[in-house]
Every structure is written in structure tokens, then in C-alpha cells.
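# Coordinate inspection notes
If you want the building blocks of each chain, they are given just below.
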Amino acid sequence: QTLSFTVDRTAPNVSIVNPSNVSNFTSSLQAFNVSVRDNFTQVQTVLLMFNTNNTAFNVTLTNVSGNWNANVNMATINEGPHTVRVYANDTVSNVNTTQTLSFTVDRTAPNVTITGPSAGAIVSGVHSFNATVRDNTTLVNTVIFQFSNGTTPFNRTASNTSGTWIVSLNTELLQEESQSVKVF
């Protein structure tokens, strides 16, 4: 009599498909997708182990043809930086916990202070419009100045100079009337 058997000492192969590392999330549901493959046996369990700034928790993923998926409600996680680790084991208890993902939860808009020109100023020619924009959780990447211009508003992307965001605008582009600028 002959008996066949398989030796499996290799943990499942894990790769995080979605989201990308160092992502920023708000309060919405975030889809997590992990590819898990095992050459010899079946994958038994795949978990996301969240190391948050409050209580750590796990989320069990669902298998769809080797792609393991879960939606996680970001509203339940405190603002700030976090890490999630993938836990995958096969049917003979080989475990892979080598894949991690860093992310930030940020639900608070940046603090904007328009620093120039002063409210009520009368301007003409080429003029600089300035604002400081600070965010306590993430970096500010882009700042937009929106000029009212009567019924046809338009936007300009600001440049960052040592923490001050600046737009230089030829005021000849604006209608000759009271104007407003919104920074976001």
C-alpha cells in the first residue's frame, strides 16, 4: 500500500491590493482588498488587525477567488496615523503577518487664515493674495483661491512659500466692483 502526503512549511503569500500605503481616509467606508495564495493547501483565515490609537480590533475578510475583501467604517477610528497588519493562515497553521499598511484618518478641515490683502482693501494691478493654511493631522498639498468675479467665479492654485500660500493675480481679470475671495 502507498500513501501520498504533502509537506507544507510555507506561509501563504500575501499582497495588499487596495488601498495604497500611506493613504488618507475620512468617515466613509473604505474597501480593503488583499491577495492571498498558498501553493500547497487552502487559505483558512485572513484578518486585518488594526492597531489604532484607541482599542485595537480585527476585521475578518471574505474570500472571492483568492482576493480577500472587507469594508471598514473609518468613522469608528480616531483621527490620526494608524497601522493595519494582514494575518493569513493556511489549513496547517502556517501564518504570514509580514504585510502592513499605514494610513491616516483625517475628518477635520485645515485652518485657513487670509493674511492679505486686508478686508475692505482697494486693489489694482497685479496683487498678491496670501493665506496661512494649517492641518493638525496631514500635510496641506493644494490650496485654491476662488475669486467671486460677479457671476463668473474662477479659481487659482496657490504656491507655498514657507507656510504662506500665495496667488499673484492681475486684478484687470476681475470685474470692477466689490469682490470676495474664498480659500480652500
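Residues numbered from 1 in each chain as written. Predicted model: local features only at pLDDT ≥ 70, side-chain atom pairs only at ≥ 80, totals over all residues. Heavy atoms only, no water.

### Brief notes about the side chain of Gln 30
Note that Gln 30 resides in strand S3 (residues 29-37). Non-local contacts of Gln 30, meaning those with residues more than four positions away in its chain, are made with Asn 18, Pro 19, Phe 25, Ala 70, Asn 71, Val 72 and Met 74. (Helix = DSSP H or I, 4+ residues; strand = E, 2+ residues; numbered from the N terminus. Contact = heavy atoms within 4.5 Å.)

### Some thoughts on the sheet that holds strand S7 (residues 67-73)
Read across the open sheet, the four strands follow the order S1-S3-S7-S6; overall the sheet is antiparallel. Whereas interior strands pair on both sides, the edge strands pair on one side only; in this sheet they are strand S1 (13-18) and strand S6 (62-64). Going from strand to strand, the sheet's axes swing by 30° on average, the running direction of each strand aside. Bridge count between S1 and S3: five bridges; the pairing is antiparallel. Pairing of Val 14 across the sheet is with Val 36, part of S3. (Pairing = 2+ DSSP bridges. Axes fitted to C-alpha atoms, helices over the stretch in contact; angles between N-to-C directions.)

### Digging into unusual backbone geometry
Negative phi values dominate among residues other than glycine, just as trans dominates among peptide bonds. Omega for the bond connecting Asn 18 with Pro 19 falls within 30 degrees of zero, at 0°, which places this linkage in the cis form. Looking at the secondary structure, you find Pro 19 in the loop between S1 and strand S2 (23-25). Here the residue pair Gly 116 and Pro 117 is connected by a cis peptide bond, since its omega of 0° sits within 30 degrees of zero. Structurally, Pro 117 can be placed in the loop between strand S11 (111-116) and strand S12 (126-134). Although it is not a glycine, Val 22 sits at a positive phi angle of roughly 65°. Looking at the secondary structure, you find Val 22 in the loop between S1 and S2.

### Here we look at the pairing of strand S8 (residues 80-90)
Sheet topology places strand S4 (residues 43-51) next to S8; eight bridges connect them, and they run antiparallel. Each residue of the ladder has a partner; that of Phe 50, found in S8, is Val 84. Examined bridge by bridge, S8 and strand S10 (residues 100-105) share six bridges and lie antiparallel to one another. Along S10, the bridge assignment pairs His 82 with Phe 103. Summarising the sheet, S8 and strand S9 (residues 95-96) pair through two bridges and their orientation is antiparallel. Across the sheet, Ala 88 pairs through a bridge with Asn 96, a residue of S9. Hairpin geometry of S8 and S9 is characterised by an intervening segment of four residues between the two adjacent antiparallel strands and by a positive phi of about 70° at Ser 93.

### Side note on the nonpolar core
Membership of the largest hydrophobic core comes to 22 residues, with the highest contact counts inside it found for Leu 48 and Phe 50. Listing elements by their share of this core, those giving two or more residues are S3, S4, S7, S8 and S10. Here this core takes four residues from S4, the largest share from any one element. Once you skip the residues sitting within four places of it in the chain, Phe 50 turns out to touch Phe 32, Ala 56, Phe 57, Asn 58, Val 59, Val 72, Ile 77, Thr 83, Val 84 and Phe 103. By size, the runner-up hydrophobic cluster in this structure holds 13 residues, among which are Phe 129, Val 143, Ala 158 and Trp 165. (Core = buried A, V, L, I, M, F, W, Y, C linked by side-chain atoms within 4.5 Å. Buried < 20%, exposed > 50% of the residue type's maximum accessible area, 1.4 Å probe, protein only.)

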